[in-house]
Amino acid sequence: MIPFDFIYCRPDTMEDAYQAFVQLQTEGKNPYYYAGGSEIITMARAGSIRPGAVIDLKQIPQCRVLSLDSEELHLGSVCTLNEVKESKLFPLLALACGRIADHTNQCRITLGGNLCGTIRYRETCLPLLLADASVTLFGRQGLRTVPFTSVFDGRMRLDAGEFLVQVHVPRKALQAPHYHIKQTASEKIDYPMVTVAALWQDHFLRVACSGLCAEPFRSAEMEAVLNAQNLSGADRVRKAVELLPQPAYDDVEGSAEYRKFVFQTILEALLEEVTHGPL
Amino acid sequence: MSYAIGKAIQRKEAWDKVTGKAKYTDDLPGLDVLSARLLTSTCAHGVIRRLDISKALGVRGVKAVLTGADCPELFGPLVLDRPALARDVVRYAGEPVALVVAQDEPTAELAVRLIEVEYEPLPAVLTPSQALAEGAALVHRQPNGYKKVVPDVYPKAGTNIASHYRVQKGDAQKALAECDFVVRQRFSLPPSYHIAMEVRTARAEISADGNVVITTSSQSPYGVRKQLSEAFLIPAGQIQVKVPFVGGGFGGKAPVFLEILALLASRSVGGKAVRLTIPREQDMASAPSRIGLEADIKLGANRDGKIQAAEITYWLDCGAYADISPYMAKAAAVDCTGPYHIEHLSCDSYCVYTNHTFATSYRSFAHESFTFCIERAVDLLAKQCGVDPLEFRIRNAIRPGSFTPTQVAVTESLVGNLTQCLQQVKELSQWDGGKGVFIKEDTVRAKGVACLWKTENPPTDAVSGALITFNPDGSVNLHTGVVEMGSGGQTNLAQILAEKLKMDPGQVHVVMPVDTRTAPEHWKTVASMTEYMAGHAVMRAADDLLAQLRRNGAEALQCPMEEIEVANGRVFSRKNPDRFIPFRDIVQGYRSPQRESLGEPVLGRGGFMLKGLSLLDPQTGKGKTGPSWTVGAQVVEVEVNVKTFTYRILSASTVMNVGKVINPELMRSMIAGGMSMGVSMASREAAVYDEQGIVRAPNLRTYKLLHIGQEPDYRVGFVETPEQDSPYGVRSYSEHGIIGIPAALANALSAAFGRELCLLPLTPERIWKAIREEPK
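Quick word on the overall build of chain B
- A count of helices and strands for chain B gives 19 helices and 32 strands.
- The C-alpha radius of gyration computed for chain B amounts to 27 Å, which stays within 12% of the reference 28 Å derived for 776 residues, consistent with globular compactness.
- Pairs at least 24 residues apart make up 79% of the contacts formed inside chain B by residues separated by at least 6 positions.

Remarks on the overall build of chain A
- Counting secondary structure elements, chain A contains 12 helices and 12 strands.
- Taken against the 2.2 N^0.38 rule, which gives 19 Å for 279 residues, the C-alpha radius of gyration of chain A at 19 Å falls within 12% of a compact globule.
- Structurally, chain A occupies a C-alpha span of about 60 × 45 × 30 Å along its principal axes.
- Here chain A holds 279 residues, and 43% of them are scored as buried.
- The contacts in chain A between residues at least 6 apart in sequence include a share of 59% that link residues at least 24 apart.

Examining the sheet that holds strand 8 (residues 163–170) of chain A
All names here are of chain A.
- Read across the sheet, five strands follow the order 4-5-8-6-7 without closing on themselves; strand pairing throughout is antiparallel. Of all the strands in the sheet, just strand 4 (66–68) and strand 7 (142–147) have a single pairing partner and so form its edges. Sheet twist, expressed as the mean angle between neighbouring strand axes with direction ignored, is 20°.

Concerning the sheet that holds strand 8 (residues 116–121) of chain B
Residue and element names in this part refer to chain B.
- Taken together, the three strands give an open sheet; going across it, the order is 6-2-8, and neighbouring strands pair in antiparallel fashion. Each edge of the open sheet is held by one strand with a lone partner, namely strand 6 (89–90) and strand 8.
- Of the strand pairs in this sheet, strand 2 (residues 46–52) and strand 6 are connected by two bridges, and their pairing is antiparallel. Each residue of the ladder has a partner; that of valine 47, found in strand 6, is valine 89.

Notes on the pairing of strand 2 of chain B
- Where strand 2 of chain B lies against strand 8 of chain B, six bridges are found, and the strand directions are antiparallel. By the bridge assignment, glycine 46 of chain B is partnered in strand 8 of chain B with proline 121 of chain B.

Notes on the nonpolar core
All names here are of chain B.
- Counting residues in hydrophobic clusters, the biggest one holds 336 residues, and the most contacted among them are Val100, Leu316 and Leu749.
- Sort the elements by how many residues they give to this core and helix 15 (residues 530–557) lands first, with 13 residues.
- Here leucine 316 is in contact with Ile291, Leu293, Ser325, Met328, Ala329, Ala332, Tyr350, Cys351, Val352 and Ala366, once residues within four sequence places are set aside.

Considerations on the domain arrangement of chain A
- Per the domain assignment, the segments making up chain A are domain 1 (7–56), domain 2 (61–173) and domain 3 (176–275).
- A separation of 36 Å is found between the C-alpha centroids of domain 1 of chain A and domain 3 of chain A.

Remarks on the packing of helix 10 (residues 367–385) of chain B against helix 11 (residues 389–396) of chain B
Residues and elements named next belong to chain B.
- At their nearest, the axes of helix 10 and helix 11 sit 9 Å apart, and the two run at 100° to each other. Accordingly, the angle class assigned to the pair helix 10 and helix 11 is roughly perpendicular. Along its contact with helix 10, which presents Val378, Asp379, Ala382 and Cys385, the element helix 11 presents Pro389, Phe392 and Arg393.

Structural notes on the domain arrangement of chain B
Residue and element names in this part refer to chain B.
- As far as domains go, chain B holds domain 1 (32–122 + 197–248 + 253–285), domain 2 (292–458 + 613–773) and domain 3 (462–609).
- Taking only C-alpha atoms, the centre of domain 1 and the centre of domain 2 are 36 Å apart.
- Residue-level contacts link 19 residues of domain 1 with 22 residues of domain 2.
- By residue number, the principal contributor to the side of domain 1 that touches domain 2 is helix 8 (residues 280–285), which donates four residues.
- The residue makeup of the side of domain 1 that touches domain 2, split by class, is 10 nonpolar, three polar and six charged.

Considering the interface of chain B and chain A
- On the side of chain A, 17 residues touch chain B, which itself brings 20 residues to the contact.
- Mapped onto the side of chain B that touches chain A, the elements with two or more residues apiece are helix 3 (105–112), helix 17 (664–684) and helix 19 (764–773) of chain B.
- Among the elements that make up the side of chain B that touches chain A, the one with the highest residue count is helix 3 of chain B (four residues).
- Residue classes in the side of chain B that touches chain A are distributed as six nonpolar, six polar and eight charged.

Here's the deal with helix 4 (residues 91–98) of chain A
- Listed in full, the buried residues belonging to helix 4 of chain A are Leu92, Leu93, Leu95, Ala96 and Cys97 of chain A.
- Packing partners of the buried residues in helix 4 of chain A comprise helix 3 (81–87), helix 5 (103–106), helix 7 (125–130), strand 9 (178–183) and strand 10 (194–201) of chain A.

Description of helix 15 of chain B
- Along its 28 residues, helix 15 of chain B runs 37 Å from first to last C-alpha, staying within 8% of the 40 Å computed at 1.5 Å per residue.
- By the criterion of burial, helix 15 of chain B is predominantly enclosed, with 21 of the 28 residues buried.

A word on the environment of arginine 766 of chain B
All names here are of chain B.
- Here arginine 766 is to be found in helix 19.
- Since 18 C-beta atoms lie within 10 Å of it, arginine 766 is described here as partly exposed.
- Measuring from C-alpha to C-alpha, the distance between arginine 766 and phenylalanine 645 comes to 9.2 Å, with 121 residues separating the pair along the chain.
- The residues touching arginine 766, leaving out its near neighbours within four places in the chain, are Leu759 and Pro761.

Focus on the confidence of the model for chain B
- Mean pLDDT for chain B: 97, with 100% of residues reaching 70 or above.
- Of the two predicted TM-score estimates for the complex, the pTM is 0.97 and the ipTM is 0.95.

Looking at the pairing of strand 11 (residues 201–206) of chain B
All names here are of chain B.
- Along strand 11, six of the six residues are buried, which leaves the element largely enclosed by surrounding structure.
- Neither face of strand 11 is left uncovered, since the one carrying Thr201, Arg203 and Glu205 and the one carrying Ala202, Ala204 and Ile206 both have all their residues buried.
- Sheet topology note: the strand 11/strand 14 (residues 274–277) ladder contains four bridges and is antiparallel. Following the sheet pairing, alanine 204 is matched in strand 14 by valine 274.

Notes on the packing of helix 17 of chain B against helix 18 (residues 741–753) of chain B
Residues and elements named next belong to chain B.
- Close contact between helix 17 and helix 18 brings their axes to 8 Å; oriented N to C, the two are set at 55°. Considered as vectors, helix 17 and helix 18 are oriented oblique to each other. Helix 18 is crossed by helix 17, and the crossing has right-handed handedness. Residues Met675, Gly678, Val679, Met681, Ala682 and Ser683 of helix 17 form the contact with helix 18, whose own contacting residues are Ile741, Pro742 and Leu745.

Quick word on unusual backbone geometry
All names here are of chain B.
- Of note, the amide linkage connecting leucine 760 to proline 761 takes the cis form, showing an omega dihedral of -10°.
- One can find proline 761 in the loop between helix 18 and helix 19.
- With a phi angle near 55°, serine 528 is a residue other than glycine that sits in the positive phi range.
- With respect to the element layout, serine 528 can be found in the loop between strand 23 (514–515) and helix 15.
- Look at phenylalanine 645: it is not a glycine, yet its phi comes out positive at around 65°.

Comments concerning the environment of tyrosine 532 of chain B
All names here are of chain B.
- By the secondary structure assignment, tyrosine 532 is in helix 15.
- Look at tyrosine 532 and you get buried, because 26 C-beta atoms sit within 10 Å.
- The spacing of tyrosine 532 and valine 269 is 263 residues in sequence and 43 Å in space, taken between C-alpha atoms.
- Setting aside its immediate chain neighbours within four residues, tyrosine 532 contacts Pro627, Ser726 and Ser732.

Scoring rules and cut-offs
Think of each chain on its own: its residues are numbered from 1, step by step along the sequence as written. Chains and ligands are labelled by the order in which they are written, letters from A for the one and numbers from 1 for the other. A pLDDT threshold of at least 70 governs which residues receive local features in this predicted model, and a stricter bar of 80 or more applies before side-chain atom pairs are shown or counted, although totals over entire chains, interfaces and linings include all residues. Secondary structure elements follow DSSP: runs of H or I of four or more residues count as helices, runs of E of two or more count as strands, with numbering from the N terminus. Here the globule rule is a power law, 2.2 Å times the number of residues to the power 0.38, and the radius of gyration is based on C-alpha atoms. This entry defines residue contacts through backbone-placed C-beta atoms, with two residues in contact when those atoms are within 7 Å. Once C-beta atoms are placed from the backbone, each residue is buried if 20 or more other C-beta atoms lie within 10 Å of its own, exposed if 12 or fewer, and partly exposed for counts between those two. We call two strands paired when DSSP finds no fewer than two bridges between them. Geometry is summarised by axes, namely lines fitted to C-alpha atoms with helices restricted to the contacting stretch, and by angles between N-to-C directions that run from 0 to 180 degrees. Among buried residues, those of type Ala, Val, Leu, Ile, Met, Phe, Trp, Tyr and Cys that are joined through C-beta atoms within 7 Å form a set called a nonpolar core. Source of the domain bounds: an automatic or database domain assignment. When an angle is under 35 degrees it counts as roughly parallel; over 145 it counts as roughly antiparallel; between 65 and 115 it counts as roughly perpendicular; any other value is oblique. All amino acids are sorted into three groups, where Ala, Val, Leu, Ile, Met, Phe, Trp, Tyr, Cys and Pro are nonpolar, Asp, Glu, Lys and Arg are charged, and the leftover types, Gly among them, are polar. Take the residue count of a helix, subtract one, and multiply by 1.5 Å to get its expected span. What pLDDT expresses is the predictor's confidence in each residue, scored from 0 to 100. Crossing handedness is read from the near helix: turned anticlockwise from the far helix by less than a right angle, it gives a left-handed crossing, and turned clockwise, a right-handed one.

What follows is the structure in structure tokens.
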């Protein structure tokens, strides 16, 4: 039960959405952009957020795109995880989407919601970090398209009122050999203890990780070590584990030490795969 | 010929449930019903320094805000130690502190968030060891100062001990000194949650003339009536308790908890109807949970692998209030050794207060916890003796000629046949000696075995009853005080009745909701005692019914009563079965062809009171607490990755001595359900507290149960050694499937990893940690 009333607003255009946000903000309504609702509903129920208004982006055509052209795959921010998965256009992203929550929720949670929400894992970011994706945003200056990494450093860094419209993935990455492994505490459907996604592109192993640290990351230093031809597999793994960009995360689901151990075993399995050919 | 016993008939409530039409407490429409919400403590142990409800009272639509000051009464089934709302002191994080009654739920919740509380923290004790340490903070200043409801609870002044039971026979110390092999192992198991699908809920209403109506999701409608009557000095006849379907209980709905708060809420608003449904987070953190357990076990055997002696100490973590936990400590003492022949025994079982959420009965009444310890120790001892753990259990199985820990002489009828269970489970599980086998690099398969046994610990004078009425078509209605919560008791009772009346079980209609005004009193729907207690009452009611049918038949057919038979929905003379009267023509009396009225309408009634049970002797523990035992043997098979410490559970097998198979499919599914609950609890469930004693993440996002799709292959077999004194020989069976599973899982994982794992839950992380920390 959400014990308070709030305004529900469903604009048809990007401009209307942004204007509504600005207006409601001015009125002190603490507005939230709304897509699948899974986080907003559960957090409002638990009392950790109290939006006075939600702005539903699901009717905005640009946010609903799911198409492939000669250059890129375009994914609208309100595409559900299940839509992305079933499109089969980006197999690595499909794997990531297929391991977030259960099927019922995959039909509600959106790509944009998973990237922009507060739940710290944001596992759909991993394939995007690996694939040199770019994103289109709408805000004060209208539309802008920028590299994903320029607005994502573990969480989305958007301007006030700005929202995610689309994600673009270069074709080159879509069919690249890839690897995805998610280990949970025990139950298959759960937050990750550690999720590792990898992409083999231009004879180079790209690796990104969620669950291990407070925020998901892709680390150039770590990739350099993992690709170091002069080191043995065991040494690469050992050095990579020492290069965490943040301390390993510690919470009720898993200790920092254990997360590091899991990361290590996943990397070992990953490198084992690589030595047997390109993933 | 069998009419109903042994048949796999559908559950009587099956269609209501699978179509979603079954109604539960909070489904019942309520016009003009107010809503209540709880504010709970954020401090594990502390003094309430300030409690300001003024802002909450100021919210429009709020009708009342209650605090501990509004309810001086204390509650509990064994000792009165628990306030409805904390008074001055909070003893666990999650304890109800204030209750808001409002026009609707959102208003009540908003007002709850406006209540201001300040606590002055006191030191918290979070495990039995901490609670019993020298100078430990006391959870209750005077644990022996509370009023006792029953005689056999023994709180100890100046300590955190809520009760203590001692069981002794022979000379364990001396015998252990003479043993060739001795193992000693300590255990520390965390509490966990029941997680019934339906969260706890209750509603209350008081009529203008003082009649109280409580509708609740409870396993104890008669217990609700009794506790409310005694606490609030309301004559029991003025209290009506109604229980519709219950969406899972597992023991967690046996305590009287929300009913008290709902009644207080209704009283505060002039008797208006008030519903109180708690959210899942409070169902976990505030409502009673499963006990934690610490144990120290010493077992000794001689050279030929026969167990000689045991020294056992159990410390049950009952949390902040005693509830039924002292009796779980008693139950742990009564069955302390597991189902083995052990001549020399010394066992102390303590119930210890801590600043955890208070505990209550959980499927199998603490047996799932202490059996883990004893069955791990038995495996360790078998290894020392160099004997296959399953063979070791056969060698030591309890049998006629043995005595139970509380010195009850064992007979087949009383205890059943464990050896046969073990032999059968050996085949069912394709037992291979319990050693790990590499099936590929880093992957090992292994099986683990454990035994189970359990007797009951009801009040020695617990009662049950049954009423049978007829419908015009000759079918019968069965009324009992048994709650339908998924355990299938009602269906079993219908089969017992159909068999006794020699009729089609489809012609037995069961009244599912319980109403204390109309249904005869049944102690509680707990302890898997429905078939025994209510079953006896049903048999007696059927006898009563049959006698009346025979009387009517004798008059109608004009022959002596001794000649009258009743079967297949007909009354007839044994000498001339072709001349018969169908039920529909005789159950409301008989009208002769001459229109003469003969006989009387038929109404069956039967009551049953437990007999021959005793309290335990305070010195030796000698005594008999339950009518009989159920034994069984269980095997779990795992496939582990020795590198990542992850694992899959491939199969779980149980062979149980159920006495008599009343309904093979229902019994199979209940036992498989028990195994599933055991697998889930043992592999992943724990209530996790931080250092301040605040429970971490009490929600289903992080507290994961075993889900469909990850279930192992469940295999169930039956042994039918009857219990002479029970209807058709059936034994208690419905909760028992859980008991040995945690131990069998740990035994299997220990074999697979080649390390002794004596902890719960067995998550990959905890296994990794245990193996990393253990010296090779």
